[in-house]
Amino acid sequence: LRTAQTAENLAAITWELGDYVQTLHLFAQAVDAQERQLMLQMNSQHNSEADKLAFVNMLQETADSLITFQRTVAQKAQTDRKLRALAEQSAALTLRALLQRKGRVLEAQIGSSPALLATLDSSGQQLANTWRDKVSQLSQLTLQGIQQSGSPQQRAALSALKTEVNELTKQLQKRSAPFAERHLPVDLSMVRVALPKTALLAEYAIYRPFEVAARQQDHAWGAPRYSLVAFDSTGRIGVHDSGRWQH
């Protein structure tokens, strides 16, 4: 998560400085890094459901910040036409972040990876077992914070393990098309194609508005609110604040 956290911290700085283009770019980096970590943590056979839920909860601040950023840009775009394209791009990133988090959690709950790998031959099954073991090792080391606080030798071992997991994943993707499809990043264009012409995809989220000017203070996060993100078959995306969250 170090890459994602660094990108998110830099995004807050550029946001406060008013550089919205760079802020969106940094948020995209954070979302991409979190997608990789989500796949890793959700596929670990040694992580309990509580561990997986705790990891997902760690990503909530990114969602809170991103939704708030999108609303900020969208409001400014009402009087500044130059920001309209950026508002649309930030809405797309917000939807992608919500869908990837929801999708990976649902996949973990139904245990889809074992079923996807069940059709492999004996050598493929051996490869899949090695992949599972390495993913679990990497997941545990990541949660232990080796990247941040480990010794140089531990960080080097972690880097080598990441490379090994990536290589094993590529090998499995070549052997199993369904596995490869499930390990692709969330693609909104594919979601749009799957939507019937008269359908509307609606995603509700609970977020805490983020006050970027107070980002280093305890009161930077506001009271929880509902956000509705709507997506239709033409590719239009709307992000709407739906009022305060009610217990």
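We now turn to the structure provided with this report. (Residues numbered from 1 in each chain as written. Predicted model: local features only at pLDDT ≥ 70, side-chain atom pairs only at ≥ 80, totals over all residues. Heavy atoms only, no water.)

## Examining the overall build of the protein chain
Looking only at helices and strands, the protein chain features eleven helices and three strands. In the protein chain, which comprises 247 residues, the share counted as buried stands at 43%. Put simply, 65% of the contacts in the protein chain that link residues at least 6 apart link residues at least 24 apart. Carbon and sulfur atoms make up 52% of the accessible area of the protein chain, which amounts to about 13600 Å² in all. (Helix = DSSP H or I, 4+ residues; strand = E, 2+ residues; numbered from the N terminus. Buried < 20%, exposed > 50% of the residue type's maximum accessible area, 1.4 Å probe, protein only. Contact = heavy atoms within 4.5 Å. Areas by Shrake-Rupley, 256 points an atom, 1.4 Å probe, with all protein chains shown as cover.)

## Overview of a nonpolar patch on the surface
On the surface, Leu10, Ile13 and Leu17 cluster together to form a nonpolar patch covering roughly 290 Å² of accessible area. Within the secondary structure, Leu17 is located in the loop between helix H1 (2–16) and helix H2 (20–42). By relative accessible area, which is 70% here, Leu17 ends up exposed. (Patch = residues over 30% accessible without salt bridge, like charges linked within 9 Å, V, L, I, M, F, W, Y side chains within 5 Å. Salt bridge = Lys/Arg side-chain N within 4 Å of Asp/Glu carboxyl O.)

## With respect to the pattern of salt bridges
Applying the stated criterion across every chain yields a total of seven salt bridges. Residues Arg208 and Asp64 are paired through a salt bridge, measuring 2.9 Å at the closest nitrogen-oxygen approach. Of this pair, Arg208 sits in the loop between strand E1 (200–207) and strand E2 (225–232) while Asp64 is found in helix H4 (residues 60–77), placing the two residues 144 residues apart along the sequence. The buried category is assigned to Asp64, whose relative accessible area is 0%. Arg225 is the salt-bridge partner of Asp241, the closest N and O atoms lying 2.6 Å from each other.

## Some points on the nonpolar core
Trp15, Tyr20, Phe27, Phe69 and Val73 are the most contacted members of the largest nonpolar core, which has 21 residues in total. Looking at this core, the elements with two or more residues in it are H1, H2, H4 and helix H5 (84–110). Looking at which element gives the most residues to this core, the answer is H2, with five residues. Sequence-distant contacts of Tyr20, defined by excluding residues within four places in its chain, comprise Trp15, Phe69, Thr72, Val73, Lys76, Leu83 and Leu86. (Core = buried A, V, L, I, M, F, W, Y, C linked by side-chain atoms within 4.5 Å.)

## Considerations on empty space enclosed by the protein
Going through the model one piece at a time under the given rule, you end up with one cavity of 30 Å³ or more. Reported here for the largest cavity is a volume of approximately 90 Å³. In terms of lining residues, the largest cavity is bounded by Val31, Gln34, Leu38, Leu59, Thr62, Ala63, Ala97, Leu98, Gln100 and Arg101. Those elements that place two or more of their residues in the lining of the largest cavity are H2, H4 and H5. Ranked by residue count, the leading element in the lining of the largest cavity is H5, at four residues. Split into classes, the residues belonging to the lining of the largest cavity amount to six nonpolar, three polar and one charged. (1 Å grid on protein atoms, 1.4 Å probe; cavity = no way out; pocket = protein on both sides within 12 Å on 5 of 7 lines; lining within 4 Å. Points joined across faces, edges and corners; volume = space filled by probe spheres on them. Nonpolar A, V, L, I, M, F, W, Y, C, P; charged D, E, K, R; others polar.)

## Overview of the packing of aromatic side chains
Applying the stated criterion across every chain, the model contains six aromatic pairs. Geometrically, the ring pair formed by Phe27 and Phe69 is tilted, given 5.6 Å between the ring centres and 50 degrees between the ring planes. Of this pair, Phe27 sits in helix H2 while Phe69 sits in helix H4, placing them 42 residues apart in sequence. The two residues Phe27 and Phe69 agree in class, both being buried. Put simply, the rings of Trp15, Tyr20, Phe27, Phe69, Phe210 and Trp221 touch in pairs and so form one group of aromatic residues. (Phe/Tyr/Trp six-rings, centres within 6.5 Å; stacked < 30°, edge-to-face > 60°.)

## Details of the environment of Ala223
With respect to the secondary-structure elements, Ala223 resides in the loop between E1 and E2. A relative accessible area of 34% places Ala223 in the partly exposed class. Each C-alpha atom, one on Ala223 and one on Trp245, is 8.0 Å from the other, the two residues being 22 residues apart in sequence. Setting aside residues up to four positions removed in sequence, Ala223 forms contacts with Tyr207, Arg208, Pro209 and Arg244.

## Regarding H1
The end-to-end C-alpha distance of H1 is 21 Å, a good match for the 21 Å that 15 residues give at a rise of 1.5 Å each. Phi turns positive, to about 85 degrees, at Gly18, one or two residues after H1. (Expected span 1.5 Å × (residues − 1).)

## Things to note about the sheet that holds strand E3 (residues 237–244)
The strand order E1-E2-E3 describes an open sheet built from three strands, whose pairing is antiparallel. The open sheet has two edge strands with one neighbour each: E1 and E3. Looking at each pair of strands side by side, their axes are set apart by 20 degrees on average, direction ignored. The sheet contact formed by E2 and E3 spans six bridges and is antiparallel. (Pairing = 2+ DSSP bridges. Axes fitted to C-alpha atoms, helices over the stretch in contact; angles between N-to-C directions.)

Shape is all these values report; function is a separate question.
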